[in-house]
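In case you want the letters, here they are:
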Amino acid sequence: SFLEIGMSNSIGFAALEAGISLHLHLGISETRAYIQSLHDKLEDGLLSIGYKSVRQKDKSSRSSILSMLPPKGLSTRDVAGEFAKKKIAISTPDGHLRFAPSWPTSTKEVEYVVDAARSF
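This section reports on the structure supplied with the text. All figures in this text were calculated on a predicted structure; none of them were measured in a lab. (Residues numbered from 1 in each chain as written. Predicted model: local features only at pLDDT ≥ 70, side-chain atom pairs only at ≥ 80, totals over all residues. Heavy atoms only, no water.)

A word on a nonpolar patch on the surface. The grouping of Leu16, Ile20, Leu24 and Ile28 at the surface amounts to a nonpolar patch, some 410 Å² of accessible area in total. The greatest single-element share of the nonpolar patch, amounting to three residues, is contributed by helix α1 (residues 10–26). As for its position among the elements, Leu16 is in helix α1. (Patch = residues over 30% accessible without salt bridge, like charges linked within 9 Å, V, L, I, M, F, W, Y side chains within 5 Å. Areas by Shrake-Rupley, 256 points an atom, 1.4 Å probe, with all protein chains shown as cover. Salt bridge = Lys/Arg side-chain N within 4 Å of Asp/Glu carboxyl O. Helix = DSSP H or I, 4+ residues; strand = E, 2+ residues; numbered from the N terminus.)

This is how it looks when you write it as structure tokens:
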């Protein structure tokens, strides 16, 4: 009896509806398959230069995030800093390099990330 309702987040609800509608239009399965293909390409490229993958081996249990560990001799912090210099946004939870490409990400962008990693 002493609380009043605040303003509803109408703009947030509209944005959420737009995002959900787009994903439903593209297809959830198709979007998941595309993101996993980006992860496959990124994982293969980084493995080839000494990174270690901590990706789930069971394909049905994989998420939309790819976590990697840097090559021996390089720290997660230093590698993340080098990626940032190349305008590549990643996060570093628990000492892992966390990549999260989504449906708008192109394969050219994945190639750019691998090329950037080769440069340092």
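And the narrative resumes.
Pairing of strand β1 (residues 52–53) with strand β2 (residues 66–69) involves two bridges; the strand directions are antiparallel. Paired with Ser53 across the two strands is Met68, which belongs to β2. In this sheet, strand β3 (residues 97–99) lies alongside β2 in antiparallel orientation, the contact comprising three bridges. Note on β3: the bridge partner recorded for Leu66 is Phe99. (Pairing = 2+ DSSP bridges.)

Sheet architecture is open: three strands sit in the order β1-β2-β3, paired in antiparallel fashion. The sheet is open, and its two edges are formed by β1 and β3, each paired on a single side. Against the sheet, helix α2 (residues 28–47) touches β1, β2 and β3, its axis set at about 5° to β2. (Contact = heavy atoms within 4.5 Å. Axes fitted to C-alpha atoms, helices over the stretch in contact; angles between N-to-C directions.)

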